[in-house]
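# Structural characterization, general
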Amino acid sequence: MAEATQRRSLRTRLLTAALVLVLAALVVAGLAIGVILHRFVRGQLDGRLDAQIVALRAGLEAGILPQTLDAPPFDRPGPGWAWEVRRGPETIRSGSLRGGDIRLSDPGPDDDPGRPHPASGTGPHGEPLIARVLVMPGPESATIVAAAPEGELRGPLREALTSLAVALGILGLCLLAGLAVQVRLGLAPLTRLRADLASVRAGRRERVPADQPAEIAPVVAELNALLDQNAQNLERARGHVANLAHALKTPLATLSMALAEPARDPDGALRRQVDDMDRRVRHHLRRARAAALAGSARGRTALAPRLSDLRAALTRIYAEKGVAIDLDVPEALSVPCEGQDLDEMLGNLVDNACRWCRSRVRVSATARDGGVSLSVEDDGPGLDPAAASAVMARGRRLDEGVPGHGFGLPITLELAELYGGGLSLGRSELGGLRADLVLPA
């Protein structure tokens, strides 16, 4: 349960808190306004009853027959608005009280003699009434009661509360909509920050933009500091790896080639030791390089400019052969590889194609299946499947008459695998070899 709560989004938390607070505020406001409306309607009703009581009292004091004081709405026949005056054994009633009296079930406290006070009762037919009672002290004491049906209080109050509920409901929806927009706008910088971090991770950016809200700016500053530190660590690691590779790769290759002569190593013991050293060195170099490339500071490198520069260089190198290199690579296509590594992979493949072709090399690249597929084809003799597998072995050469050491394709395969890709060889439509280099997009 605690883990699920921690995974709950900020948007859900904020909206839930806003919903609870808005509902609580609307309920409190509805109750408070309901009480105020009840007091207001009751006050208006008590005012009409008190006005009738005052008129009846004035008539009694002036000796006017109270029956003449049936002003609206007390002149309506039937149950409802009514009054009566109780003076000794005599009871004088309004015209609406025919065949019964007002029965007071709760006369209420008379805290201020001489002024009407609230009471409750029932009419002749048992209908509930809201009453006001005035007790006139003196030698000719009298009790004046004026009453109204409870519907006169509940009806207007019900209508007012219904309108109030509708208004509060609309207000609540508007508040929730406004809060939802506010939460969305408030969390928008986090969405942009996520997109910026994704761009950094994909290599489209080197750092997170520093133009952020004040609350997020410190986090962005720490992230950029971490990215800078990772970039520095990556650069140092790459430098150490490159130095070690250059320091060991060439001597080992020279020893391996020298020991290939039978007179130098008759039983092959030294050659096995050199091969074992080569495997160990390549193993640890691969681990160090993979650790360096796993950082978040990996950049993206466009393919088209690199291949254009490579074509210009190789065209000059193989000018006597008259090699034509065709490029079919989208300008916007890029891969998450360091420029130095990409140059080495492309250089090995295209140079190999130029070395073995008759006159034509074709390089094409497309983005598909979440990766980038680059094909290098030539119109040379090509290789059968067994020979294609053999040339992927480090230092293995099929034709000793062609310059080279046999390390190009294995190094390209090793680099591609470090980046999560691969290299495969097949038959080209041009008739020669087709090398397919796959790298993640």
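From a predicted model like this one, the values you see are computed outputs, not experimental measurements. (Residues numbered from 1 in each chain as written. Predicted model: local features only at pLDDT ≥ 70, side-chain atom pairs only at ≥ 80, totals over all residues. Heavy atoms only, no water.)

## Some words on the overall build of the protein
This is how it is decided: Here a strand is any run of E in DSSP of at least two residues, a helix any run of H or I of at least four, and the numbering for each starts at the N terminus. Only protein chains enter the accessibility calculation, which uses a 1.4 Å probe; a residue is then buried when its area is under 20% of its type maximum, exposed when over 50%, and partly exposed in between. Residues are treated as being in contact if the distance between any of their heavy atoms lies within 4.5 Å. Residue-level accessible areas treat just the shown protein chains as cover; the underlying method is Shrake-Rupley with a 1.4 Å probe.
When helices and strands are counted, the protein shows nine helices and 13 strands. Out of the 441 residues belonging to the protein, those deemed buried represent 35%. Within the protein, contacts between residues separated by at least 24 positions form 58% of all contacts whose residues are at least 6 apart in sequence. For the protein, the exposed surface amounts to about 25,300 Å²; the carbon and sulfur share of it is 58%.

## Some remarks on the environment of Asp 379
Stated precisely, the cut-off is as follows: For this analysis, a polar contact is any N or O atom pair within 3.5 Å, provided that within protein one partner can donate a hydrogen and the other can accept it, and provided that sequence-adjacent residues contribute only side-chain to side-chain pairs.
Relative to the assigned elements, Asp 379 resides in the loop between β11 (371–378) and α8 (385–390). Every residue in contact with Asp 379, bar those within four places of it in the chain, is listed here: Cys 357, Arg 358, Ser 359, Arg 360, Leu 430 and Gly 432. A distance of 3.3 Å separates the side chain of Asp 379 from the backbone nitrogen of Arg 360, its partner in a polar contact.

## Overview of the sheet that holds strand β10 (residues 360–368)
Just so we agree on the cut-off: Any two strands with at least two DSSP bridges between them are considered paired. Where helices are involved, their axes are fitted lines through C-alpha atoms of the stretch in contact, as for all axes, and angles between N-to-C directions lie from 0 to 180°.
The strand order across the open sheet built from five strands is β8-β10-β11-β13-β12, with neighbouring strands paired in mixed fashion. One side of each edge strand has no neighbouring strand; the edge strands of this open sheet are β8 (324–328) and β12 (422–427). The average undirected angle you get between the axes of adjacent strands in this sheet is 15 degrees. When β11 meets strand β13 (residues 433–440), the two strands line up antiparallel, connected through seven bridges. Looking at the pairing, Ser 373 lines up with Val 438 of β13. Packing against the sheet, helix α7 (residues 339–356) makes contact with β8, β10, β11, β12 and β13, and its axis sits at approximately 170 degrees to β13.

## A short note on the confidence of the model for the protein
Do not read the predicted coordinates in detail wherever pLDDT is low. For the record, the criterion: The pLDDT value tells you how sure the predictor is about a given residue, anywhere from 0 up to 100.
Averaged over the protein, the pLDDT score is 79; the fraction of residues at 70 or greater is 82%. Per-element averaging of pLDDT across the protein places helix α1 (residues 2–7) at the bottom with 50 and β8 at the top with 91. A low-confidence stretch, residues 394–406 stays under pLDDT 50, and its non-local contacts, those more than four residues away or across chains, total 29 contacts.

## Structural notes on the pairing of strand β2 (residues 90–93)
Two strands pair when backbone bridges link them, and strand β1 (residues 82–87) and β2 are joined in this way by four bridges, in the antiparallel orientation. By the bridge assignment, Arg 87 is partnered in β2 with Glu 90. Counted along the chain from β1 to the antiparallel partner β2, the turn is two residues long, and its residue Gly 88 has a positive phi close to 65 degrees.

## Some points on the packing of helix α6 (residues 303–317) against α7
The condition that has to hold: Note that the term roughly parallel is reserved for angles under 35 degrees, roughly antiparallel for angles over 145, roughly perpendicular for angles of 65 to 115, and oblique for everything else. We call a crossing left-handed when the near helix sits turned anticlockwise from the far one by less than a right angle, and right-handed when that turn is clockwise. All amino acids are sorted into three groups, where Ala, Val, Leu, Ile, Met, Phe, Trp, Tyr, Cys and Pro are nonpolar, Asp, Glu, Lys and Arg are charged, and the leftover types, Gly among them, are polar.
As a packed pair, α6 and α7 sit with axes 10 Å apart at the nearest point and diverge in direction by 45 degrees. With respect to each other, α6 and α7 are oriented oblique. Seen from above, α6 lies across α7 with right-handed handedness. Residue-level contacts link Leu 303, Arg 306, Leu 307, Leu 310 and Leu 314 of α6 to Gly 339, Leu 342, Asp 343, Leu 346, Gly 347, Val 350, Asp 351 and Cys 354 of α7. Taken together, the residues that form the contact of α6 with α7 break down as eight nonpolar, two polar and three charged.

## Focus on the side chain of Glu 377
With respect to the helices and strands, the residue Glu 377 is situated in strand β11. Under the relative-accessibility criterion, Glu 377 is labelled buried at 2%. Apart from residues lying up to four places away in sequence, Glu 377 is in contact with Arg 360, Val 361, Arg 362, Ser 428, Glu 429, Leu 430, Leu 433 and Arg 434.

## Here's the deal with a nonpolar patch on the surface
Rules: Here a patch means residues that are over 30% exposed by relative accessible area and free of salt bridges, tied together within 9 Å if like-charged and within 5 Å if nonpolar (Val, Leu, Ile, Met, Phe, Trp, Tyr). When a carboxyl oxygen of Asp or Glu lies within 4 Å of a side-chain nitrogen of Lys or Arg, that pair is called a salt bridge.
Together, Leu 10, Leu 14 and Leu 190 give the surface a local cluster of nonpolar side chains, amounting to about 250 Å² of exposed area. Within the secondary structure layout, Leu 10 lies in helix α2 (residues 10–62).

## Observations concerning the pattern of salt bridges
Overall, the coordinates contain 13 salt bridges when judged by the stated rule. Across the salt bridge formed by Asp 46 and Arg 132, the nearest N and O atoms sit 3.9 Å from each other. With Asp 46 in helix α2 and Arg 132 in strand β5 (residues 128–136), the pair connects residues that are 86 residues apart, well separated along the chain. Each member of the pair, Asp 46 together with Arg 132, is buried. Notably, a salt bridge pairs Glu 150 with Arg 154, separated by 2.8 Å at the nearest N-O pair. Residues joined by salt bridges that share partners form a network here, namely Arg 362, Glu 377, Glu 429, Arg 434 and Asp 436.

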